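The chain contents come next:
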Amino acid sequence: MNEWQILVVDDEEIIREGCIRILGKDRIQVHAAADGAEGLAKAKVIPCEIALVDLKMPRMGGIEFIEEMQKLNPRTICIMITGYATIETAVEAIKKGAYDYIPKPFTPSQLRIVVQRAQERYRLQTEAEEARAQAEQAKEEAEKAKEQWINLVYHELKSPLGVVRSYLDNLLTLSLDSEKGHEVLGRCLTRTDALLQLVNDLLSLSRLTDPRPRAMIDLAEIVSHAVEFLGIEAQKQNISIEWVPTPLSIQADERMMEELVGNLLSNAIKYNRPGGTVTLTLAPEGKGVRLVVRDTGIGMGEEDQKHLFEQFFRVKSDATRLIAGTGLGLAIAKRIVDVHEGSIECESKPGVGTTFSIFLPGVS
Amino acid sequence: MERSKILLVDDDPDLIEINRSILEAEGYEVFASYDIEGAVAIVERARPDLVVLDIMMSRKNDGFTFCYRLKDDPETAGIPILMLSSVAMVTGFNLSLDEDHEWMRADDFLHKPVSAAVLLDRVERLLKRSK
């Protein structure tokens, strides 16, 4: 705020002059009016933060002025000036919108103190308004985001169901034993499995907001289990997994760590080349640990890397066309890492491979 | 009689497969593309008689851009476009051809999933109209 605009409405010239003299300095501009009508006319043109108003004036009294002022500019802080300070008039003035009053005659410092109180009040009022507006906006944005998310989920759930339905419809005209029939059944299975995975992932995602007690867990053991479990799938695609376990414990949610490692390893295998490799390393770093998952897979460009951790994002290319995925694996991984106050980064080169580097603080 | 050429554009390979079977069984010659770049190339090369297009191709809503592109080019403006999508739910709009025709620039519009009978019927009508 550069300059305060203060309106003084009093039929006594001596009061008006007094206010101008006492208050008119740098950062305060005083506007004077001899009666209510003139005061309102000025207030219409100059928005004033504070108005000093005499109670007893001819034609339009102070209280009536304050009522009109509230209608004109509800933000203006009104102070009653009165030679007849009684409890009744004070209460009435405040009910009608006055914030404070100052009895006549007043000393310069009394006037300054009242004005300072009004300025403070105006500042708080402005802060409250801004906070309220921000909260409104945040609420609107959250509503919109939620609706968009729901629509996205709806779409992701409906698509595979529509596809399976159309295929089944088609199947009515085919022999289940025919080659084409088998193909169609195979695709139905793939899409149905993907849908089941999606439902599970959605559940995971919704559960990741619950804070859970953490224990000291051996992250290396979790990696070893994941390697063992997913190793079967990797072998089918002729992909080798390199992992040398050395015990390393951190404080974390065990289930979440299992999911984190599982998602990253699964991706590294899915998006790899036949005969390719996945390398996992786990080592202490500073007060925490660093887990690196590197694959010799198809990789991805910079544009795709930007959207990598977004929900439902999937790289769409000829190479990835038939790879099943929900688009939630990395969104879940990122959420898990965030919940543990860690960090996750990705580096990738098309045709070469992708590396995910995760840092987790050892003790939260 | 020369077979009518239909271009399918959709990023879901299963939907391409399903619609291709339906249309080929009816005697149409079918071209397909999973993305807009491929679709543009096919339009140039093969000059299809009709395009069946998925609006929600990706988060960027390429479908609309492709539509505008075809309609703005005098050489391709006459190719009828049948739009398929569940985007009505994704963006929260309830798209209807009557209200949104200007904006969508498509010739017809269907919500997925589309049955074989409905697809064939619309395709036939659009081809007849454009001849």
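Data block above holds the structure.
Reference entry: report on the structure contained in this document. Note that the structure is a prediction, hence the values are computed from the model and not measured.

## Comments concerning unusual backbone geometry
In this structure, the amide linkage connecting Lys 104 of chain A to the following residue, Pro 105 of chain A, adopts the cis form with an omega of -10°. Cis geometry is found at the peptide bond from Lys 112 of chain B to Pro 113 of chain B, where omega equals -5°. Its place among the elements puts Pro 113 of chain B in the loop between strand S5 (108-111) and helix H6 (116-130). Not every positive phi belongs to a glycine, and Asn 238 of chain A is a case in point at roughly 60°. Structurally, the position occupied by Asn 238 of chain A is in the loop between helix H7 (219-236) and strand S7 (240-243). In this structure Asn 238 of chain A comes out as exposed when scored by relative accessible area, which is 55%. Even without glycine at this site, Phe 312 of chain A takes up a positive phi of about 70°. Looking at the secondary structure, you find Phe 312 of chain A in the loop between helix H9 (302-307) and helix H10 (329-339).

## Considerations on the side chain of Asp 253 of chain A
Assignment of secondary structure puts Asp 253 of chain A in the loop between strand S8 (249-252) and helix H8 (254-270). In this view, Asp 253 of chain A contacts Arg 212, Arg 214 and His 340 of chain A; residues no more than four positions away in its chain are not counted.

## Things to note about the packing of aromatic side chains
All names here are of chain A. A full pass over the atoms with the stated rule returns two aromatic pairs over all chains. With a centroid separation of 5.7 Å and an interplanar angle of 75°, the aromatic rings of Trp 4 and Tyr 122 are classed as edge-to-face. Within this pair, whereas Trp 4 is found in strand S1 (residues 4-9), its partner Tyr 122 is found in helix H5 (residues 108-171), the two being separated by 118 residues in sequence. There is no split in this pair, since Trp 4 and Tyr 122 are both buried. Measuring from ring centre to ring centre gives 6.4 Å for Phe 309 and Phe 356, while their planes differ by 80°; the resulting arrangement is edge-to-face. Residue Phe 309 is located in the loop between H9 and H10, and its partner Phe 356 is located in strand S12 (residues 353-361); the two are separated by 47 residues in the primary sequence.

The rules behind these values
Sequence order sets the numbering: in each chain, residues are counted from 1 along the sequence as written. Following the order in which they are written, the chains are lettered starting with A and the ligands numbered starting with 1. Given that the model is predicted, a residue must reach a pLDDT of at least 70 before its local features are reported, and side-chain atom pairs must reach 80 or more before they are shown or counted; all residues, however, enter totals for whole chains, interfaces and linings. The side-chain quantities take in all heavy atoms of the structure and omit both hydrogens and water. Helix numbering and strand numbering both begin at the N terminus, where a helix is a DSSP run of H or I of at least 4 residues and a strand a DSSP run of E of at least 2. Partly exposed residues are those whose accessible area sits between 20% and 50% of the maximum for their type, while under 20% is buried and over 50% is exposed, using a 1.4 Å probe and protein chains only. It only takes one pair of heavy atoms within 4.5 Å for two residues to be counted as in contact. Any two rings among Phe, Tyr and Trp, with Trp reduced to its six-membered ring, count as a pair given centres within 6.5 Å; such a pair is stacked if its planes are under 30 degrees apart, edge-to-face if over 60, and tilted if neither.

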